[in-house]
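Structure assessment
Read off the chains here:
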Amino acid sequence: MTNTPPAPCAPEDVRRVACIGAGVIGGGWVAHFLARGYDVTAWDPAPDAEEKLRRLVAAAWPALEQLGLAEGASQDRLTVTATLAEAVADAQFVQESAPEKLELKRSLLAELDAATPPGVVIASSTSGYPMTDMQTEATDPGRLVVGHPFNPPYLIPLVEVVGGESTAADAVAWSSRFYDVAGKSVITMDRELPGFIANRLQEALWREALHMVANGEATVKDIDDSITEGPGLRWAFMGPCLTFALAGGEGGMGHMLDHFGPSLKSPWTRLEAPELDRKLRDAMVDGCEEAAGERTYADLVAERDQGVIDVLRATGRLGGTAR
């Protein structure tokens, strides 16, 4: 990592955030930052971007009100600009959430670097690309970091922060602190990892699920129920490692590994991805449609949002929502 000029303000003093890209992830970031009391400028090249963005924020607002709005939080503090340059002109932090296309990310981050005031940290919401691969065209790559959220960013607390080979250590530390102030749960990674941490774990589970559906070993409903009625209830407040440690009783993880370690050689998982052919695709789509029943997409989003809020409330994680 390299050195870069100090940011123009402390993380605690940020008042204006720019969000570049206003789709599902970018729009979710907009809703989160507005709820935390920031002024937000947003830009997206789509002709109907502003209409869709304001609709997304309005749909998210009831859930955010339940979480607890920061003092002064308002949807009226959102400004949608006509150009990227206008969006970042006065920004004190930039969150980029463009589609997952490497060449697009490279050129967009270079454009943002050229247009954003010196020293302001620029974070990418990429879900898989290392920053080292994305910062190659920027004049000041030292201020470029990954700030990988989980969907929807206004509800799921996690953000994974990591720099690239040319990112300044100060930029990583600054952005981690900013996300913390902004109400996120931050994992600051000390090295790049394709897919980061949570996505790699999620992907392993997803691949095994696809194998079971493809082989007729389980239905979509079986797989979803096995998580929501089983380990998912524990994972909401205790991760898999500590959960497994408890399986070792008073002997903890050591006893668990000594006792169950040999089972790791059992053919329980198939981590290579199965062929996503038309038959498997249709089985997944049909299974999800069957599971949704008469519920619309909006119904499912509202149900999910309320479920996450209920879990957060039940596990005592709704504190500290106001700045």
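Identification of the protein as L-carnitine dehydrogenase from Streptomyces ramulosus is taken from an unreviewed UniProt entry. Of the protein, the UniProt comment under Subunit (unreviewed entry) reads exactly: "Homodimer." The Catalytic activity (unreviewed entry) comment attached to the protein in UniProt states, word for word, "carnitine + NAD(+) = 3-dehydrocarnitine + NADH + H(+)".

A separate point is the overall build of the protein. Counting its regular elements, the protein contains 13 helices and eight strands. In terms of C-alpha radius of gyration, the protein reaches 21 Å, essentially the compact-globule figure of 20 Å for 323 residues. Taken along the three principal axes of its C-alpha coordinates, the protein extends 55 × 45 × 40 Å. Here the protein, with 323 residues, has 42% of them falling under the buried criterion. Considering only contacts within the protein whose residues lie at least 6 apart along the sequence, 72% involve residues at least 24 apart. Of the roughly 17000 Å² of accessible surface on the protein, 57% is carried by carbon and sulfur atoms. Side-chain charges of the protein comprise 28 positive and 47 negative groups, with the mean position of each set lying 1 Å from the other.

Attention now goes to the pattern of salt bridges. Considering all chains together, one arrives at 18 salt bridges under this definition. The partner of Arg-77 in a salt bridge is Asp-39, with the nearest N and O atoms 2.8 Å apart. With Arg-77 in the loop between helix H2 (49–67) and strand E3 (78–80) and Asp-39 in strand E2 (residues 39–43), this residue pair connects regions lying 38 residues apart in the sequence. By relative accessible area, which is 22% here, Arg-77 ends up partly exposed. Three or more residues are tied together by salt bridges with common partners; here these are Glu-12, Arg-177 and Asp-180.

Let's shift gears to the sheet that holds E2. Strand order across the open sheet formed by eight strands is E3-E2-E1-E4-E5-E6-E7-E8, with mixed pairing between neighbours. Each end of this open sheet is capped by a strand with a single partner; those strands are E3 and strand E8 (185–188). Each strand of the sheet is rotated relative to its neighbour by a mean of 25°, with strand direction disregarded. One ladder, built from three bridges, connects E2 with E3; its direction is parallel. In the sheet register, Val-40 faces E3, and the bridge partner there is Leu-78. Set on the sheet, helix H4 (residues 102–115) makes contact with strand E1 (16–20), strand E4 (93–96), strand E5 (122–124) and strand E6 (144–149); between it and E4 the angle comes to about 165°.

Moving on to a nonpolar patch on the surface. Taken together, the side chains of Ile-187, Leu-193, Ile-197 and Leu-201 make up a nonpolar region of the molecular surface, amounting to roughly 310 Å² of accessible area. Mapped onto the elements of the fold, Ile-197 is located in the loop between E8 and helix H7 (198–214).

With that out of the way, let us pick up the layout of surface pockets. Here the second largest pocket defines a volume of roughly 170 Å³. If you trace the second largest pocket, you find it lined by Val-213, Gly-216, Ala-218, Thr-219, Val-220, Lys-221, Ala-283, Asp-286, Gly-287, Glu-290 and Ala-291. Only helix H8 (220–228) and helix H12 (278–292) provide two or more residues apiece to the lining of the second largest pocket. Residue contributions to the lining of the second largest pocket peak at five residues, all from H12. Each residue belonging to the lining of the second largest pocket can be placed in one class, and the counts come to five nonpolar, three polar and three charged.

Moving on, we come to unusual backbone geometry. Omega for the peptide link from Asn-151 to Pro-152 comes to 0°, which places this bond in the cis form. If you trace the backbone, Pro-152 turns up in the loop between E6 and strand E7 (158–163). Even without being glycine, Phe-196 reaches a positive phi, approximately 65°. Relative to the helices and strands, Phe-196 is located in the loop between E8 and H7. Here Phe-196 falls in the buried class, since its relative accessible area comes to 1%.

Let us now look at helix H13 (residues 297–314). Given a rise of 1.5 Å per residue, 18 residues ought to cover 26 Å, and the 25 Å separating the end C-alpha atoms of H13 matches this to within 8%. Of all the residues in H13, the buried ones are Val-301, Asp-305, Val-308, Ile-309 and Leu-312. The buried residues of H13 occupy an angular sector of 100° when projected down its axis, which confines them to one face. If you follow the buried residues of H13, they end up packed against H2. Gly-316, located one to two residues past H13, shows a positive phi value of around 70°.

If you look at the biggest cluster of nonpolar residues, it comprises 42 residues, and the most contacted ones within it are Val-30, Phe-33, Tyr-38, Phe-93 and Phe-178. Residue assignment for this core shows that the elements contributing at least two residues are E1, helix H1 (24–35), E2, H2, E7, helix H6 (169–181) and H13. Those residues in contact with Phe-178 that sit more than four places away from it in its chain are Pro-11, Val-14, Val-17, Phe-33, Tyr-38 and Phe-93. Leu-108, Met-134, Leu-144 and Val-162 belong to the second-largest nonpolar core, a separate cluster that totals 22 residues.

Criteria and thresholds
Residues numbered from 1 in each chain as written. Predicted model: local features only at pLDDT ≥ 70, side-chain atom pairs only at ≥ 80, totals over all residues. Heavy atoms only, no water. UniProt positions renumbered as here; feature names shortened; annotations may be inferred. Helix = DSSP H or I, 4+ residues; strand = E, 2+ residues; numbered from the N terminus. Rg over C-alpha atoms; globule rule 2.2 N^0.38 Å. Buried < 20%, exposed > 50% of the residue type's maximum accessible area, 1.4 Å probe, protein only. Contact = heavy atoms within 4.5 Å. Areas by Shrake-Rupley, 256 points an atom, 1.4 Å probe, with all protein chains shown as cover. Lys, Arg positive; Asp, Glu negative; His and termini not counted. Charge placed at Lys NZ, Arg CZ, Asp CG, Glu CD. Salt bridge = Lys/Arg side-chain N within 4 Å of Asp/Glu carboxyl O. Pairing = 2+ DSSP bridges. Axes fitted to C-alpha atoms, helices over the stretch in contact; angles between N-to-C directions. Patch = residues over 30% accessible without salt bridge, like charges linked within 9 Å, V, L, I, M, F, W, Y side chains within 5 Å. 1 Å grid on protein atoms, 1.4 Å probe; cavity = no way out; pocket = protein on both sides within 12 Å on 5 of 7 lines; lining within 4 Å. Points joined across faces, edges and corners; volume = space filled by probe spheres on them. Nonpolar A, V, L, I, M, F, W, Y, C, P; charged D, E, K, R; others polar. Expected span 1.5 Å × (residues − 1). Arc of directions from axis to C-beta. Core = buried A, V, L, I, M, F, W, Y, C linked by side-chain atoms within 4.5 Å.

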